[in-house]
Each structure stands twice: as C-alpha cells, then as structure tokens.
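Here is what each chain is made of, one letter per residue.
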Amino acid sequence: MIVKICGIKTVETLKCCENNNVNFFGMIFYNESPRNITFDDALLLQNKARRLSIKGVGVFVNEKINIINEYISELDLKYIQLHGKEDNSFMKQLKKNKIKIIKKISISEKKDLSDIKNFNLADYFLFDYKPNDYELPGGNAKSFDWTIIQNLKLDKPWFLSGGIKLGNIKEIKSKIKPFGIDLSSGVEKELGIKDNGIINNFMEKLQYA
C-alpha cells in the first residue's frame, strides 16, 4: 500500500516523508485551503525532491487550465490531482503535458461510484468524503462509509482519503485494501500544520497494522 501525504509546505516535512518512505507529497494550489502553498515554496520542494525518491503532486480545485499548464511547466510536475469538477475533456487537454492524473471522486452513497465512468482518462482515482457546500473540497478530517468501496474491483489504482488515522488503519488494511492512502489532517498537530513526530509514528505503526 502506497502513501501520499497532502498539504506539505516545508523542506523539513518533505525530508521526514522521504525518510519514512512516503511515496507522494501533495502541494495544494487552492487559496481557500489552510494548506495552500506559494509557488516559490513549491519550487523549493520540487527542486529538493529531484534528489529524493518521493514524488510531488500538484493539487488543483476547479482551476483554469492555462494556469495548471503553467504550474506543470514551471514546476516540472509529473503528477497532478484534480479535486474539483474537472471532466474528461479537461483531462484530455492536460494529458498533452504527458502527466499522470489523480482524480477525486466524492462519495456519500453507493450511487456515487457511477461517476467513475465519467473519468476514464484519469490514471488514478481518489475516493474522498463528499463535502457540504460550506466545507472545503478536501482535508475535512471526515470519512465516508468505507463499506461502499469494500471489495471494489477497478482496472485502475485508487487511493482512499478522508479521516484516516492510526485508529482505523488496521481496518483499512484488512477490509478495504486500497492501492494507496492519502493523508492530511491525520498527521497534523493543528489545522494545516504537519507534525514530523506524528508522521514518524504513523508510518512506523502502518508497517505493523
């Protein structure tokens, strides 16, 4: 099971993730998020990551395609995550950059899985809690009913996201069995602030859960 930690903003946290064999780190380019990162800080992280094994992911929410293209080019992004209402035609244009796309699908009930067919150009799916109108698109520390995706068979790898913490990781590994997990609030000491000690503890316990 691979691990992505979203909302990374500092080199220190990036190095902690690398030391713990985290596979992906997410950089959120969404002004309304407490985990939003500046372009300069993202460039610094990407430059550091070139000498590491961990891979950077640019996370966007209903952003204009020309702006995403600029980020892809200037930050040399190989992976992006689309966390809004982006559709297949939108992804088709982005694919000209020869990138891998992670597409979020919001889940609250089983019928939401039907959205999968609308995003066949995605390389990965990310199943997350469906937020209310007043909530952020992600990172709300809330989970949906995971039994909805239990025994899910897909021809593409998928991540589980939303409310993942040490208390439920054993259930995730034994019952849900995702390709990967996407962490954010579960490794924070306060909203938007990652904690290296929590990351160390989580990744150590994950091995033995």
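Placed above this text is the structure.
Values in this document were obtained by computation on a predicted structure and should not be read as measured data.

Cut-offs and rules
- All residue numbers refer to positions counted from 1 along the written sequence of the respective chain.
- Confidence filtering applies because this is a predicted model: local features only for residues at pLDDT of at least 70, side-chain atom pairs given and counted only at 80 or more, and all residues used for totals across whole chains, interfaces and linings.
- Side-chain metrics in this entry use all non-hydrogen atoms of the structure; hydrogen atoms and water are not considered.
- For salt bridges, the criterion is a side-chain nitrogen of Lys or Arg within 4 Å of an Asp or Glu carboxyl oxygen.
- Put simply, DSSP marks the helices as runs of H or I at least four residues long and the strands as runs of E at least two long, and each gets a number from the N terminus on.
- In this scheme, a residue with accessible area under 20% of its type's maximum is buried, one over 50% is exposed, and one in between is partly exposed, where area comes from a 1.4 Å probe on protein chains only.
- Planes of paired rings set the category: under 30 degrees apart is stacked, over 60 is edge-to-face and the rest tilted, where pairs are Phe, Tyr or Trp rings (Trp by its six-membered ring) whose centres lie within 6.5 Å.
- DSSP calls a pair of strands paired once it identifies at least 2 bridges connecting them.
- Axis lines are fitted to C-alpha atoms, over the contacting stretch for helices. Their N-to-C directions set the angle, which ranges from 0 to 180 degrees.
- In this description, a nonpolar core means a group of buried Ala, Val, Leu, Ile, Met, Phe, Trp, Tyr and Cys residues linked to one another through side-chain atoms lying within 4.5 Å.

Asker: Any chance you could explain the pattern of salt bridges here in plain terms?
Answerer: If the charged atoms of two oppositely charged side chains come close together, the side chains can form a pair. Enumeration according to the criterion identifies 8 salt bridges in this entry. Residue Lys95 pairs with Asp123 through a salt bridge whose shortest N-O separation is 2.4 Å. Highlighted residues: Lys95 in the loop between helix 4 (88–94) and strand 5 (100–107) and Asp123 in the loop between strand 5 and strand 6 (124–129), separated in sequence by 28 residues. On the basis of relative accessibility, which here comes to 25%, the residue Lys95 falls in the partly exposed class. Each of Arg35, Glu188 and Lys194 takes part in one network of salt bridges that share partners.

Asker: Help me understand the packing of aromatic side chains in this model?
Answerer: By convention here, two paired aromatic rings are described through the distance between centres and the angle between planes. Under the definition given, this model contains 12 aromatic pairs. Plain terms: the ring middles of Phe24 and Phe159 are 6.3 Å apart, the flat faces sit at 75 degrees to each other, and that makes the pair edge-to-face. Here Phe24, found in strand 2 (residues 24–28), pairs with Phe159, found in strand 7 (residues 158–161); they are 135 residues apart in sequence, far enough to count as distant. Comparing Phe24 with Phe159 shows no difference in burial state: the two are buried. Within the aromatic cluster, the residues linked to one another by ring pairs are Phe24, Tyr79, Tyr124, Phe159 and Phe179.

Asker: What exactly am I supposed to notice about the sheet that holds strand 5 here?
Answerer: Within a sheet, each strand pairs with its neighbour through backbone hydrogen bonds, oriented either parallel or antiparallel. Taken together, the 8 strands give a closed barrel; going around it, the order is 1-2-3-4-5-6-7-8, and neighbouring strands pair in parallel fashion. Sheet twist, expressed as the mean angle between neighbouring strand axes with direction ignored, is 25 degrees.

Asker: Would you mind showing me how to read the nonpolar core here?
Answerer: A general feature of soluble globular proteins is that nonpolar side chains tend to end up buried together. Among the nonpolar cores identified, the biggest contains 54 residues, and Ile80, Leu94 and Phe127 are the most heavily contacted of them. Among the nonpolar cores identified, the runner-up in size contains 13 residues, and Ile2, Val57, Val61 and Tyr124 belong to it.

In short, geometric facts, not functional conclusions.
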